[in-house]
Amino acid sequence: MSVVALSACVTPPNRDLTELVVRDSVYLVPETMEPYTGDVFKPFPDGAGEAAGEVQIEGHLTEGYWDGEILVYHPNGRVRYMGSFAMGEKCGVWTEDQDPDPPGSVFQELKQEIESMGLYPPCAES
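Since we're looking at a predicted model, the values are computed, not measured. (Residues numbered from 1 in each chain as written. Predicted model: local features only at pLDDT ≥ 70, side-chain atom pairs only at ≥ 80, totals over all residues. Heavy atoms only, no water.)

## Structural notes on the overall build of the chain
Which entries qualify depends on this criterion: Per the convention used, a helix needs a DSSP run of H or I reaching at least four residues, while a strand needs a run of E reaching at least two, with both numbered from the N terminus. With a 1.4 Å probe rolled over the protein chains alone, any residue whose accessible area is under 20% of its type maximum counts as buried; one over 50% counts as exposed, and the rest are partly exposed. By the convention used here, residues are in contact when the closest approach between their heavy atoms is within 4.5 Å. All accessibility values rest on the Shrake-Rupley procedure with a 1.4 Å probe; residue burial counts only the protein chains present in the view.
The number of helices and strands found in the chain is one helix and 10 strands. Shown N-terminal to C-terminal, the secondary structure of the chain runs as helices and strands in the order β-β-β-β-β-β-β-β-β-α-β. Every one of the 126 residues in the chain was classed for burial, and the buried ones make up 28%. Expressed as a percentage of contacts within the chain between residues at least 6 apart in sequence, the contacts between residues at least 24 apart total 34%. With an accessible surface of roughly 8,500 Å², the chain has 55% of that area assigned to carbon and sulfur atoms.

Here's what the structure looks like:
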């Protein structure tokens, strides 16, 4: 009988961003002070109304830097920011600072989406 170790293939679980230490914009594992790599989330703090405990931020860190897609939500669940990072630098198309409440019409919603769009250098291909 042979045993195969698969630990190198295991994806680390999502980690609460508030558990990490931030030094010079790099997120570190507090136990080792090494840069963190893996998926992260941040819940809304207590006192954020009905959103307390819901996810406020979700994304991925590579070697302690934001890398890949990030989503930031308003307390009502509507997307506030959405875009991508390449090792800590914004890249590609971003939706920035959407209002917490959707507009009253499809036209107004499309207009708001276009007006809130930011364009950054293209993301590098992985």
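## Looking at the packing of aromatic side chains
The test is simple: Only Phe, Tyr and Trp rings are paired, with Trp represented by its six-membered ring, and only when their centres lie within 6.5 Å; those with planes under 30 degrees apart are stacked, over 60 edge-to-face, the remainder tilted. We call a charge positioned above a ring when the Lys NZ or Arg CZ atom is no farther than 6 Å from the ring centre and deviates by at most 35 degrees from the ring normal.
If you walk through the whole model with that rule in mind, you get four aromatic pairs. Geometrically, the ring pair formed by Tyr-27 and Trp-66 is edge-to-face, given 5.7 Å between the ring centres and 70° between the ring planes. Of the two residues, Tyr-27 is situated in strand β3 (residues 26-28) and Trp-66 in strand β6 (residues 65-66); the sequence distance between them amounts to 39 residues. By relative accessible area, Tyr-27 is classed as buried at 16%. For the ring pair Phe-85 and Trp-94, a centre distance of 5.2 Å and an interplane angle of 85° mean the geometry is edge-to-face. When sorted by exposure, Phe-85 lands in the same class as Trp-94, which is buried. An aromatic cluster of three or more residues is present, and its members are Tyr-27, Trp-66, Phe-85, Trp-94 and Tyr-120. The ring of Trp-94 carries Lys-90 above its face, with NZ or CZ at 4.6 Å from the centroid.

## Structural notes on unusual backbone geometry
Positive phi is not limited to glycine here, since Ser-25 has a value of about 65°. Relative to the elements of secondary structure, Ser-25 occurs in the loop between β2 (21-23) and β3. Despite not being glycine, Glu-63 has its phi angle at roughly 50°, a positive value. Mapping Glu-63 onto the fold places it in the loop between β5 (55-62) and β6.

In short, shape yes, function no, at least from these values alone.
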